[in-house]
Amino acid sequence: MIQLRNLERYYKSGFQKSWVLKGINLDVKQGEFITIMGDSGAGKSTLLQIIGMLDAANKGEYNFFDEEVHRFNEKKRTELYKHYIGFVFQAYHLIDDLTVYENIETPLIYRGIKSKERKPMVAELLDRFNIVAKKDLFPDQLSGGQQQLVGLARAIIGKPKLLLADEPTGNLHTKQGEEIMQLFKELHNEGMTIIQVTHSEKNAQYGDRIVHLEDGYVREDKNVNELLERN
Amino acid sequence: MFRHNIILAFRNFKRNKTSFLINLIGLSTGLTCAILIYLWVSDEINVDKFHDNNDRLYQVLQNRQFPQKIATWEITPTLLVNAIKEDLPEVEAATNISSREENPRGAFSFGEKNIIAEGIYAGENFFEVFTFPIKESENQSFLKDKNSIAISESFAQKLFSTTKNVIGKTIEWTRGQNKKSFRIAAIFETPPSNSTLQFDFVWNMQLLIDADEYAGKWNGDYAKTFLVLKPDANFEKFNNRFASFMNTKTDKRKKSQLFIQQFSDKYLNGKYENGKITGGRISYVWLFSIIAIFILLIACINFMNLSTAQASTKMKEIGVKKTIGADRQSLVQQFLGESILMSFLSLSVALLLVLAFLPTFNDITNKVLKFNWSFNFVITLFLITLFTGLVSGSYSAFYLSKFKPFQVLNGKQVMSFGDQWIRKGLVVFQFGLSIIFIVGVLVVQQQMEFIQTKNLGYQRDNVLNFKRPNTNKSETFLIEVKNITGVMNAGRMWGNLLSGRGTQSGYSWRGQEDDKKYSFKSPIIGYDVIETMDMKVLVGRTPSREHQEDFNKILINESARKMMQLENPVGMNIGYSDTLREIIGVVNDFNYGSMHHKIEPLIFRVTTRGNNILVKIKAGEEQTAISKLEEVFQKFHPSFPFEYSFVDDDYQALYEAESRVATLSKYFSGLAIVISCLGLFGLAMFTSERRKKEIGIRKVLGSSVFEIVKMLTSDFTKTVFAAILISLPISFFIAKKWLENFAYNITLTWWLFFVPAILVLIIAWLTIGLQTIKAARVNPVQSLKDE
Ligand SMILES: Nc1ncnc2c1ncn2[C@@H]1O[C@H](COP(=O)(O)OP(=O)(O)O)[C@@H](O)[C@H]1O
Ligand SMILES: [Mg+2]
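Residues numbered from 1 in each chain as written. Chains lettered and ligands numbered in written order. Predicted model: local features only at pLDDT ≥ 70, side-chain atom pairs only at ≥ 80, totals over all residues. Heavy atoms only, no water.

### Description of unusual backbone geometry
Moving on, step 1. Positioned with a positive phi, asparagine 6 of chain A is a non-glycine residue whose angle comes to about 50°.
Moving on, step 2. Structurally, asparagine 6 of chain A is set in strand E1 (residues 2–13).
Moving on, step 3. Residue asparagine 6 of chain A is classed as partly exposed on the basis of its relative accessible area of 48%.
Moving on, step 4. Residues other than glycine seldom take positive phi values, yet aspartate 528 of chain B does so here, at roughly 75°.
Moving on, step 5. Of note, aspartate 528 of chain B is situated in the loop between strand E21 (524–525) and helix H16 (529–532). (Helix = DSSP H or I, 4+ residues; strand = E, 2+ residues; numbered from the N terminus. Buried < 20%, exposed > 50% of the residue type's maximum accessible area, 1.4 Å probe, protein only.)

### A few points about the sheet that holds strand E9 (residues 209–214) of chain A
Residues and elements named next belong to chain A.
Moving on, step 1. The 6 strands lie next to each other as E6-E7-E8-E3-E9-E10, forming an open sheet whose pairing is mixed. Whereas interior strands pair on both sides, the edge strands pair on one side only; in this sheet they are strand E6 (85–88) and strand E10 (217–223). Here the average twist between neighbouring strands, direction ignored, is 15°.
Moving on, step 2. Where E6 lies against strand E7 (residues 162–166), 4 bridges are found, and the strand directions are parallel. Within E7, the residue paired with phenylalanine 87 across the bridge is leucine 164. (Pairing = 2+ DSSP bridges. Axes fitted to C-alpha atoms, helices over the stretch in contact; angles between N-to-C directions.)

### A look at the environment of isoleucine 187 of chain B
Residue and element names in this part refer to chain B.
Moving on, step 1. Looking at where isoleucine 187 falls in the secondary structure, it is placed in strand E10 (residues 178–188).
Moving on, step 2. A relative accessible area of 2% places isoleucine 187 in the buried class.
Moving on, step 3. For the pair formed by isoleucine 187 and glycine 319, sequence separation is 132 residues and the distance between their alpha carbons is 74 Å.
Moving on, step 4. Discounting residues that sit within four places of it in the chain, isoleucine 187 has contacts with Ile134, Lys135, Glu136, Ile151, Ser152, Glu153, Ala156, Thr163, Val166 and Ile167. (Contact = heavy atoms within 4.5 Å.)

### Details of the interface of chain B and chain A
Moving on, step 1. Tallying the contact residues gives 24 residues for chain B and 27 residues for chain A.
Moving on, step 2. Together, the buried faces of chain B and chain A total about 2500 Å²; carbon and sulfur atoms form 59% of this surface.
Moving on, step 3. Three residues stand out in chain B for area buried against chain A, namely Arg11, Ile324 and Phe406 of chain B, and they jointly supply 26% of the buried area on that side.
Moving on, step 4. At the boundary of chain B and chain A, one finds 4 salt bridges.
Moving on, step 5. Close ionic contact of aspartate 96 of chain A with lysine 316 of chain B constitutes a salt bridge, the shortest N to O distance being 3.7 Å.
Moving on, step 6. Seen at the junction of chain B and chain A, the total is 6 residue pairs in polar contact (both at pLDDT 80 or more).
Moving on, step 7. Looking at the side of chain B that touches chain A, the elements with two or more residues in it are helix H1 (2–15), helix H10 (311–323), helix H11 (328–365) and helix H13 (405–409) of chain B.
Moving on, step 8. Along the lines of polarity and charge, the residues of the side of chain B that touches chain A split into 9 nonpolar, 7 polar and 8 charged. (Buried area = accessible area lost by both parts, 1.4 Å probe. Salt bridge = Lys/Arg side-chain N within 4 Å of Asp/Glu carboxyl O. Polar contact = N/O pair within 3.5 Å; in protein donor to acceptor, adjacent residues only side chain to side chain. Nonpolar A, V, L, I, M, F, W, Y, C, P; charged D, E, K, R; others polar.)

### Description of the pairing of E10 of chain B
Residues and elements named next belong to chain B.
Moving on, step 1. Alignment of strand E7 (residues 134–137) against E10, held across 3 bridges, turns out to be antiparallel. Looking at E10, one finds that glutamate 136 is bridged to isoleucine 187.
Moving on, step 2. Bridging between strand E8 (residues 148–152) and E10 involves 5 bridges; their strand directions are parallel. Each residue of the ladder has a partner; that of isoleucine 151, found in E10, is isoleucine 187.
Moving on, step 3. Note: strand E9 (residues 170–175) against E10, 6 bridges, orientation antiparallel. Within E10, the position partnered with arginine 175 by the bridge is asparagine 178.

### A closer look at the environment of leucine 739 of chain B
Residue and element names in this part refer to chain B.
Moving on, step 1. Of note, leucine 739 is situated in helix H22 (residues 705–739).
Moving on, step 2. Accessibility expressed as a relative area gives 4% for leucine 739, which makes it buried.
Moving on, step 3. As for leucine 739 and tyrosine 267, which are separated by 472 residues in sequence, their C-alpha atoms are 22 Å apart.
Moving on, step 4. Aside from chain neighbours lying at most four places away, what touches leucine 739 is Val443, Gln447, Asn745, Ile746 and Leu748.

### Things to note about the site of ligand 1
Moving on, step 1. Taken together, 11 residues lie near ligand 1, and Gly41, Gly43, Lys44, Ser45 and Thr46 of chain A sit nearest.
Moving on, step 2. At the site occupied by ligand 1, the surrounding residues belong to chains A and B.
Moving on, step 3. Contact between ligand 1 and serine 45 of chain A: an oxygen atom at 2.6 Å from a side-chain N or O atom of the residue.
Moving on, step 4. Within the side chain of threonine 46 of chain A, a nitrogen or oxygen atom sits 2.4 Å from an oxygen atom of ligand 1.
Moving on, step 5. Here ligand 1 has 560 Å² of accessible area as a free molecule, and 61% of this is covered by the chains.
Moving on, step 6. Here the shell around ligand 1 takes 3 residues from helix H1 (residues 44–51) of chain A, the largest share from any one element. (Near = heavy atom within 4 Å. Areas by Shrake-Rupley, 256 points an atom, 1.4 Å probe, with all protein chains shown as cover.)

### Things to note about the pairing of E7 of chain A
Residue and element names in this part refer to chain A.
Moving on, step 1. Counting buried positions along E7 gives 5 out of 5 residues, so the element sits mostly inside the fold.
Moving on, step 2. What you see with E7 is no split at all: Leu162, Leu164 and Asp166 on one side and Leu163 and Ala165 on the other are buried throughout.
Moving on, step 3. Alignment of E7 against strand E8 (residues 193–197), held across 5 bridges, turns out to be parallel. Residue aspartate 166 lies in a different strand from E8, and its bridge partner there is valine 197.
Moving on, step 4. A crossover connection joins E7 to the parallel E8 through helix H6 (residues 174–189); in handedness this β-α-β unit is right-handed. (Right-handed = clockwise from strand over helix to strand, strands pointing away.)

Structure representation (structure tokens):
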């Protein structure tokens, strides 16, 4: 599904370049649940954003379903966001002026799905995430965990092939975090490809592969089972 | 999607109530101005356009060559119309009507009832060339009959209290000793208010020709001539050929050239310089259209500025939406939708405001504007509002929507240097316009005041002016008037001093043919006029009864003396056709007519009669004197109403257009400033909101409230200074241009520009000050805890 070859990302400040990613090689197969780990500032978010096409690499190759990403224009990217990629953010990033229901519904509107068909789709997710009672509340009336549930529901309502999550539990209590991770696991079992960034070893266990970033390279790339055995 | 966007828009309004209110007030005020001005402009540009022949209907104008200049007149010989009909194949129809001075007036009576009316003499085809619908008529050719009269419906209503069954009735006309019976042969619709031709009745043109020796000759200008060109006629070609048309008919008009101008165009473009059309009222149409657009722009800028202030929250929304599949187009739609919704909400408020202010606006503009929900009006409203919405939303729609989501979502400061410039630029634009508006108001006001106080060369205070219907017992009448207590002096003349009318050439003072080309203003005065008006006589004497003056005595003004290069003019005899006229005195220069024109060389001709009476009344005794005057008038003219005016009021009326502009510009610039300040208020509010934390930290570090206010305001102050620097030269230029309309005008002094600049600065400071002081006084603990 995803192939990254010698990917580089640097920022220019004055005449100096400072590399965040120096040479990333990574392959992701459909249906995998990958966790990206590394110290703060290691470039995890940067990598995730490049994978999500929110940011672009300066050098190297990136193929998405065997197509070269750097050829994509804005229209193509918008198409991908509609049908292939879902995002979950650490800061939730819900739309303040929309209710829970409307936030979840919005991607469907952009996909041009009729109101009649949208209703059962939203209702199903509200039910599954246990937030039916909250559907008419606004984001600022919800706890962080509830907001992230809404964020997740919004990310997956379009049934994306790839879910990208940057520290989805970073702002949550342990218990709320577990609830989210449990849902990730379920989605994974249903066949969704997931790439998450997290600092928590425990959350990493939910996935099946851990990629460790250091100094702009992939330092370690192992199956969770292998790692478990090693310990 | 549409519903989704509407929901978002309304929730956004609700969340940001202050900016919603600022926008609503700003946009609805802006739209109110725009709608009022639109109503006025559309009324102006439709004047005289209602005639069926409008596209092909032209008026004949005459350029007369003088040594100093070319003068353009609308009066022509009455003979012209038939010559045109006979000789010019491109002309489909032609007609003429009497010039304003020649228009028939007088009292009409039927049984006991009397009314006063003013009409026109008209050529046969009048009702075919112009569209004044005939309601009823005896026969097709009623205008051929010298004893018949066509009357308007309002005329009928006044005289008969009905418009039914009046055809065939005979009414009596009286004017002085003149009496005549007319049979009503037709009744026509009263000319609408957007017609420059206003008349109560129509007589056969032949009556005018019969009554005046010169009216039927090529060297007399008594009529306005109109023609309809055939559809395939070429205007340019026709005009070229037409220029010398009169010279092919007579050799008496060698210095006259003719041209035609579309009749309905003449109302807006009725000023001529050197024989060419040079605009006219059209400049006010432009002026106010531009003002309307600028006021709307100022309101739109408020909207944009407040959007930039909320940009950071907006951008988060944009970023998120992009990641869930929103394309740029749908975001553009959303933002434009929001601003357009806002402007349509404002439109509904604006319509109420227009309804409320229309009567006042009508008073100021002297119009009878009203809403008529015509297709055009509704479409225009819709377009104006749409335009406002599009401009207002353009910033968010096209600028904010282009950011990449990751820039926004990472919480980085993406407002670049350029954005700051845009925002400042917008404020500069707003305040620049406000300053220009204020300078405009001041200059117009000063000029109007100058006009009011300028020494005209005569005293116009407490001078009453009225017309006698005839000049019977001229001397006895004047004596009785003078005997009234409170009357200080009284004189008589033909015409009056404010019309500026009457131009003569043909005088020869050196016995040279060349002299005769020079033209002089040539009013005709009787005894006591110079004394009554308190004009200064430089040498010689004024017309007096002891000298038994006659038409061969003249006075000249100082300008004429200079032009004629006469050292001792008094007693000189100068030639005029085959007579000699004696100069009996020289008067100081005075403004004959309005101050739009320079004082020209002038010759006072002397008469012993004159129907126009000037009466100087002692201040404070106006009431009693006027009622006594009326008694005297009624004694001499029992069947006529006593209609008088004060010269000073007539004088003000000369500057009616300007004084309306003065009043209107005052209101509009006031509004422009209010809207600008609203915007600044909002901006200051958001700025201090955004910098709340910084303010808190500074206070903890020991800054005083004053220092913080200074910090917050210095930015705005610089912006307003920039506005001042840019707008002052522009307003100087505009003011200078406008003042060129007057031959006598004020000089532009520094304070006319300094005062508006300071005023705007102070207003801006007050607006911002209120906000910043509030922000600076907040307890720092509070603002730091919020984060
Ligand atoms: N716009 C930018 N300009 C300059 N440096 C940046 C920019 N964005 C990120 N960085 C740098 O890139 C590095 C990686 O950031 P990030 O990917 O957010 O790290 P992580 O998510 O692993 O904590 C950091 O050192 C950060 O300072
Ligand atoms: Mg990160």
